[in-house]
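Here's the letter readout for the chains.
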Amino acid sequence: MRKGKNRKMALAKFLCVLCSVLFAVLSMAPQILAQAAVPAREGVYVYDEAELLTVSERNSLGDYLEKQGEKAGCGIYVVTVSDTGMGAGDRYLEDFYDYGYDTGQIDVDAVLICVDMKNRYVNVQAYGKAEKKIPDATGEKIIDALFDELRAGDYYRAFRIFADRAEHYMNYVPIYLRAWVQLVAALVIGGIVVGLMASNSGGTMTVNAGTYLDGRYSGIRARRDDYIRTSITKRKKPQQNSSGGGGGHTSSGGHSHSSAGRHF
C-alpha cells in the first residue's frame, strides 16, 4: 500500500513540474517568435541585415531618419532582410515592432519600412498615433513615391524618400483646418454680417400696400383652382462604404497598425 501511495505522489509531482514547464514555454512563446526578427536597439534606426547599403550610407541614413523622426514626432525605421523565413507579408515587421515595444527599444509611435530581398517585397507599417496619420492608403502612396528607386536598386535614395514622405504625412494638415484659411473665412463672414447690418440701418419704411389702395373699389372678384401637372422626383439612395481609412491590422503581440505592401 505504501509503495503504491509513493508512486502516486511521485507521479503527481512530475505532472506539476511538467505543467509548470509548459506554462513557462507558452508564456514566452510570443517573445521567442518576435526574436525571429532582428532585435531592435534604442537609438538605432537602420537595420540593414540584407546589406543593401554601404557603411557610409548606413550612417548617413541613420542620422537622417533620426532628424526626420524628430520633425515628425515619431520614430522612423528602415529594416532590410535577406530572407524573413516566413514568406512575404506583414509578419516580420510586426515581430520586429513587438519585440522592440516589449523591451522598450523602439518608439511607441513609429513608421517602419521593411525590404525583403528573397521575396522582393516592400512593406510599410505605422503604429501608435502614426496609424491615424498614415493609414493603409497613405502607406501605398509612400510606396508609390519610392517604387522606381527601389526597383532600380537605388536603396539609399528610396529610404530617404520614405523618410521624407513619412515626415510629410505626419505633419500634414488638411487645407480646411489651416490657420490662414480659417482667418480668410472669418473675414469674409464678418464682412457679410457688417454689410447686412449697414443695409438695414436706414430709416423706417412708411410706404406700404395700403398707401395706394382704395378699399372701396379694390377686391378679389373671383377664385379658381386649375390642375396643371404632377411632378415626381426620384433620388438614388447612397451606398454605405464599409471600408475604413485606418489600419485594421493587429500584430501577434496585440498592437494595432496600418500596413501597405507590394512586390517590386
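### Digging into the overall build of the protein
Within the protein, the secondary structure is distributed over seven helices and six strands. Traced from its N-terminal end to its C-terminal end, the protein shows the element sequence α-β-α-β-α-β-β-α-α-α-α-β-β. Going through the 264 residues of the protein one by one, you find that 30% of them count as buried. A separation of at least 24 residues holds for 70% of the contacts in the protein among residues at least 6 apart in sequence. On the protein, roughly 18,000 Å² of surface is accessible, and the fraction owed to carbon and sulfur atoms is 56%.

### Here's the deal with the packing of helix α2 (residues 55–72) against helix α6 (residues 155–170)
Following both chains from N to C, one finds α2 and α6 inclined at 5°, their axes separated by 9 Å at the closest point. When the axis of α2 is compared with that of α6, the two are roughly parallel. Between α2 and α6, the contacting residues are E57, S60, L61, Y64, L65, Q68, K71 and A72 on the first element and Y156, F159, R160, A163, D164, E167 and M170 on the second. Of the residues that constitute the contact of α2 with α6, the class distribution is eight nonpolar, two polar and five charged.

### Things to note about the nonpolar core
Ranked by size, the top nonpolar core spans 52 residues in total, and within it F96, L112 and F162 carry the most contacts. Where this core is concerned, the elements lending two or more residues are β1 (46–48), α2, β2 (75–81), α3 (91–102), β3 (110–116), β4 (121–127), α5 (136–152) and α6. Per-element accounting of this core gives the leading share, nine residues, to α6. Residues within four places of L112 in sequence aside, it is in contact with Y77, L93, F96, Y97, I106, N123, V124, Q125, Y127 and F162.

### Some words on α5
Counting along an α-helix, one turn takes 3.6 residues, and residues three or four places apart therefore face a common direction. Here α5 is 17 residues long and its end C-alpha atoms lie 24 Å apart, about the 24 Å a rise of 1.5 Å per residue gives. Its maximal kink placed at L146, α5 deviates by approximately 50°. Within α5 the residues assigned to the buried category are T138, G139, I142, I143, L146, F147 and L150. Residues of α5 that are buried sit in contact with β3, β4, α4 (130–133), α6 and β6 (256–263).

### What about the sheet that holds β3?
Judged by pairing direction, the sheet is mixed, and its six strands sit side by side in the order β1-β2-β3-β4-β6-β5 without closing on themselves. Sheet topology places β1 and β5 (249–250) at the edges, where each strand pairs with a single neighbour. Sheet analysis places β2 next to β3, joined by seven bridges and oriented parallel. Of the residues in β3, the one forming a bridge with V81 is D116.

### With respect to the pairing of β4
In terms of burial, β4 is largely enclosed, as seven of its seven residues are buried. Where burial is concerned, the two faces of β4 agree: the one with Y121, N123, Q125 and Y127 and the one with V122, V124 and A126 are both buried. In terms of strand pairing, β3 meets β4 through seven bridges, oriented antiparallel. Considered in β4, the bridge of C114 is made with N123. A loop of four residues connects β3 with β4, the two strands running antiparallel in sequence, and R120 in this loop sits at a positive phi of about 50°. Sheet topology places β4 next to β6; seven bridges connect them, and they run antiparallel. Bridged to A126 within β6 is S258.

### Brief notes about the confidence of the model for the protein
Per-chain confidence: the protein averages 79 in pLDDT, with 59% of residues scoring 70 or above. Low pLDDT (under 50) marks residues 16–35, which in the prediction has five contacts with non-local residues, meaning those over four places away or in another chain. Throughout residues 178–182 the model reports pLDDT below 50, and contacts reaching past four residues in sequence, or to other chains, amount to seven contacts.

### A look at the environment of K133
Following the sequence through the fold, K133 ends up in helix α4. The partly exposed category is assigned to K133, whose relative accessible area is 36%. Spatially, the C-alpha atom of K133 lies 9.8 Å from that of V173, the residues being 40 residues apart in sequence. Residues within four places of K133 in sequence aside, it is in contact with T138, Y169, M170 and Y172.

Definitions and cut-offs
Residues numbered from 1 in each chain as written. Predicted model: local features only at pLDDT ≥ 70, side-chain atom pairs only at ≥ 80, totals over all residues. Heavy atoms only, no water. Helix = DSSP H or I, 4+ residues; strand = E, 2+ residues; numbered from the N terminus. Buried < 20%, exposed > 50% of the residue type's maximum accessible area, 1.4 Å probe, protein only. Contact = heavy atoms within 4.5 Å. Areas by Shrake-Rupley, 256 points an atom, 1.4 Å probe, with all protein chains shown as cover. Axes fitted to C-alpha atoms, helices over the stretch in contact; angles between N-to-C directions. Parallel < 35°, antiparallel > 145°, perpendicular 65-115°, else oblique. Nonpolar A, V, L, I, M, F, W, Y, C, P; charged D, E, K, R; others polar. Core = buried A, V, L, I, M, F, W, Y, C linked by side-chain atoms within 4.5 Å. Expected span 1.5 Å × (residues − 1). Bend = angle between axes of the 7 residues up to and from the residue. Pairing = 2+ DSSP bridges. pLDDT = per-residue confidence, 0-100.

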